[in-house]
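Structural description and commentary
Each chain, letter by letter, is given below.
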Amino acid sequence: MADRIKVEEAQLVELTTGGEPIDVYLLVRLGFTALFVIVTALIVEPYFASLTWALVLAVLFVRPHRWFESHVGPNTAAALSVTSVALIIVAPLLFISQRLIAEALAGVTYIQKAVSEGNWGAFLDAHPWLKWLGERVDAPTIAARIGEFLTNIGASLLKQSTGQAITLVLAFYLLFFFLRDRRTGLDALVRLSPFSNVETGKLIIRVRDTIHATIFGTLAVAALQGALGGFMFWWLGFPSPALWAVVMGVISIIPVLGSFVIWIPATIYLFLEDRWADAITLALWGGVVISTADNVVRPLLVGETLRLHTAPAFVAMLGGLQLFGAHGLILGPIAFTMTTLMLEFWRRRSGPEQQEE
């Protein structure tokens, strides 16, 4: 009886697995590994933004860091590199962002003060076309609500800026170790990778190239947008067009903002000054020409370097932004390029060419 049961079990194994017994312990190990990988990913998920920007800055500034390392010790070199990054990049961005928020809040305060003091009527008298509109709508109430709406936006921006500041501090903290211990980290990555050393090296190089392409493509588009905006400001007679060109260029780098933060209020100002032709010109220039530079030129620049078609490169950046937020501008293209490269690896291992051999 016992021999018959063993024979039936062997036949069942042969029918279900093609003659190869199931390695239960292997399945258990794979299950536990997958479980802890998922738990680790969930633990790290709140810090993806800081990790991403630390990785980006480490890749971009590794060459200057090597120069520091050749003159001082590893800890001092990492500290000098982090300080240099903060002074060169972050300080100007924070300054411009704070100035923009301050100007926006000042504008809201001005509108609310004008409404509360009853100056709305005099303003409408100075602009007949607005007076005609004001006679048909409750302009003061609308202006007050707009002021409240802008105030809420300002408060939301301040709240988000606090979270961004925490992310930034953590990114700098991680950047220190990314630079100082980069060789140890790369060795561990190669050792733990399920791919061969050559394939893992190709993945690392592809990530590096993706970061370079995305960042330098973003900087090129920002410079182009700033130049286009500054040219139109000069053409329309705005004061300090060069300064506004720099501001629009810097703002264009920030994914959640853009040059429209400058040219849309400028367009509204021209309308209020009864400069209809100039206002329409600036609106068309900003909506068609400047926006096209972001939506068309960026994927062209990035896609060529990443060896992706323009359409996938465009989807990778927009989808990354939607899924991850600002740091998705980097993670989206990285995910696309790594996926295509890994699929190439699997095709070489188990594709038709391999089977023919």
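So, here's what we can say about the structure. (Residues numbered from 1 in each chain as written. Predicted model: local features only at pLDDT ≥ 70, side-chain atom pairs only at ≥ 80, totals over all residues. Heavy atoms only, no water.)

On to a nonpolar patch on the surface. Together, V24, V28, F32, L35, F36, V39 and I43 make up a nonpolar patch on the protein surface, roughly 660 Å² of accessible area in all. As for its placement among the helices and strands, F36 is situated in helix α2 (residues 24-44). (Patch = residues over 30% accessible without salt bridge, like charges linked within 9 Å, V, L, I, M, F, W, Y side chains within 5 Å. Areas by Shrake-Rupley, 256 points an atom, 1.4 Å probe, with all protein chains shown as cover. Salt bridge = Lys/Arg side-chain N within 4 Å of Asp/Glu carboxyl O. Helix = DSSP H or I, 4+ residues; strand = E, 2+ residues; numbered from the N terminus.)

Here we take up the packing of helix α3 (residues 48-60) against helix α10 (residues 197-235). The geometry of a pair of packed helices is captured by two quantities: the angle between their axes and the separation between those axes. Across the interface, α3 lies against α10 with an axial gap of 10 Å and an inter-helix angle of 90 degrees. Here α3 is positioned roughly perpendicular relative to α10, judged by the angle of their axes. Contacts between α3 and α10 involve L55, V56, V59 and L60 from the former and R208, I211, H212, I215 and F216 from the latter. Its residues assigned to classes, the contact of α3 with α10 shows seven nonpolar, one polar and one charged. (Axes fitted to C-alpha atoms, helices over the stretch in contact; angles between N-to-C directions. Parallel < 35°, antiparallel > 145°, perpendicular 65-115°, else oblique. Contact = heavy atoms within 4.5 Å. Nonpolar A, V, L, I, M, F, W, Y, C, P; charged D, E, K, R; others polar.)

By size, the foremost hydrophobic cluster in this structure holds 16 residues, and its most contacted members are F233, L236, F238, I262, L270 and L282. Of all the secondary-structure elements, those providing two or more residues to this core are α10, α11 (241-253), α12 (260-272) and α13 (276-306). Core analysis: the next-biggest nonpolar cluster, separate from the first, contains 13 residues, A78, V85, L174 and L179 among them. (Core = buried A, V, L, I, M, F, W, Y, C linked by side-chain atoms within 4.5 Å. Buried < 20%, exposed > 50% of the residue type's maximum accessible area, 1.4 Å probe, protein only.)

With respect to the helices, strands and loops of the structure, R182 is situated in helix α9 (residues 182-192). In this structure, R182 is in contact with V62, H65, R66, E69 and F177, ignoring residues within four places of it in sequence.

Attention now moves to the packing of aromatic side chains. Enumeration according to the criterion identifies 12 aromatic pairs in this entry. Between F195 and W346, the aromatic rings sit 6.3 Å apart at their centres with planes inclined by 65 degrees, giving edge-to-face as the arrangement. Highlighted residues: F195 in the loop between α9 and α10 and W346 in helix α15 (residues 328-350), separated in sequence by 151 residues. Relative to W285, the ring of F231 lies with its centre 6.0 Å away and its plane at 45 degrees, an arrangement referred to as tilted. Of this pair, F231 sits in helix α10 while W285 sits in helix α13, placing them 54 residues apart in sequence. An aromatic cluster of at least three residues, connected via ring pairs, comprises F231, W234, W235 and W285. (Phe/Tyr/Trp six-rings, centres within 6.5 Å; stacked < 30°, edge-to-face > 60°.)

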